[in-house]
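Here is how the chains run, residue by residue.
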Amino acid sequence: VQLQASGGGLVQAGGSLRLSCAASGRTFSNYYMGWFRQAPGKEREFVAVITWNGGRNNYADSVKGRFTISRDNAKNTVYLQMNSLKPEDMAVYYCAADRNPGGVLRTTTNEYEYWGQGTLVTVSS
């Protein structure tokens, strides 16, 4: 599956952005979908994950209550709604697909087989 992330940009602290990740190539609904982020000089870290039908999700503690992951299988797209953005949320955000989740909402990068190219989120203080 090919993934294309978009929606990043410059926003003031306290503002909102919605990221999108469009999938193509294989049956999108077969995959659990995750969002990760990587700030300069830091390792890529887990942000959120959602099951194939959107019935379950999980978030990093740092974004709980502020970010919401969702998906529209009819549009082959997963979203990340980001509210109350903080300067520490600034990073390149990546979407990823987990082909064999086995019912587990995975949070580590090496468990995702497919990755998008990333979209930059800049938060000014």
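Residues numbered from 1 in each chain as written. Predicted model: local features only at pLDDT ≥ 70, side-chain atom pairs only at ≥ 80, totals over all residues. Heavy atoms only, no water.

**Observations regarding the state of the cysteines**
So, point 1. Going through the model one piece at a time under the given rule, you end up with 1 disulfide.
So, point 2. Across a sulfur-sulfur distance of 2.1 Å, C21 and C95 are joined as a disulfide pair. Judged by the sign of its S-S torsion, about 65 degrees, the bond between C21 and C95 is right-handed. You can see C21 sitting in strand β3 (residues 17–24) and its partner C95 sitting in strand β9 (residues 91–98), a full 74 residues away along the chain.
So, point 3. Taking relative accessible area as the criterion, C95 reaches 0% and is therefore assigned buried. (Disulfide = S-S within 2.5 Å. Helix = DSSP H or I, 4+ residues; strand = E, 2+ residues; numbered from the N terminus. Buried < 20%, exposed > 50% of the residue type's maximum accessible area, 1.4 Å probe, protein only.)

**Quick look at the packing of aromatic side chains**
So, point 1. Going through the model one piece at a time under the given rule, you end up with 5 aromatic pairs.
So, point 2. When the centroid spacing of 5.0 Å and the interplanar angle of 80 degrees are considered together, the rings of F36 and Y112 count as edge-to-face. Of this pair, F36 sits in strand β4 (residues 32–38) while Y112 sits in the loop between β9 and β10 (114–115); the two residues are 76 residues apart in sequence, bridging distant segments of the chain. The same class applies to F36 as to Y112, namely buried.
So, point 3. Positioned above the aromatic ring of Y94 is the side chain of R44, whose terminal nitrogen or guanidinium carbon lies 3.6 Å from the ring centre.
So, point 4. Taking NZ or CZ as reference, R44 lies 4.9 Å from the ring centre of W115, over its face. (Phe/Tyr/Trp six-rings, centres within 6.5 Å; stacked < 30°, edge-to-face > 60°. Lys NZ or Arg CZ within 6 Å of the ring centre and 35° of its normal.)

**Focus on the pairing of strand β8 (residues 77–82)**
So, point 1. A large share of β8 lies buried, amounting to 5 of its 6 residues.
So, point 2. Bridge count for β3 against β8 is 6 bridges, and the pairing is antiparallel. Paired with C21 across the two strands is V78, which belongs to β8.
So, point 3. The turn linking strand β7 (residues 67–72) back onto β8 is made up of 4 residues, and N76 within it adopts a positive phi angle of 55 degrees. (Pairing = 2+ DSSP bridges.)

**Brief notes about the sheet that holds β7**
So, point 1. In space, the 4 strands of this open sheet follow the order β1-β3-β8-β7, with antiparallel pairing throughout. Every interior strand has two partners, whereas the edge strands, β1 (2–6) and β7, have only one. Across the sheet, the mean angle separating the axes of adjacent strands is 15 degrees when strand polarity is ignored. (Axes fitted to C-alpha atoms, helices over the stretch in contact; angles between N-to-C directions.)

**Notes on the pairing of β7**
So, point 1. Only one face of β7 is covered, namely the one carrying F67, I69 and R71; the face carrying T68, S70 and D72 has none of its residues buried.
So, point 2. Relative to β8, β7 runs antiparallel, the two being bridged by 6 bridges. Across the sheet, residue T68 finds its bridge partner in β8, namely Q81.

**Observations regarding the pattern of salt bridges**
So, point 1. For the structure on display, the rule yields 6 salt bridges.
So, point 2. In this structure, D61 engages K64 in a salt bridge whose closest nitrogen and oxygen atoms are separated by 3.2 Å.
So, point 3. Exposure remark for D61: the relative accessible area of 65% places this residue in the exposed category.
So, point 4. Owing to a relative accessible area of 47%, K64 belongs among the partly exposed residues under this scheme.
So, point 5. The salt bridge partner of R106 is D98, with a shortest N-O separation of 3.3 Å.
So, point 6. Given the relative accessible area of 0%, D98 is considered buried.
So, point 7. Several salt bridges share partner residues, and in doing so they unite R37, E45, R66 and D89 into one network. (Salt bridge = Lys/Arg side-chain N within 4 Å of Asp/Glu carboxyl O.)

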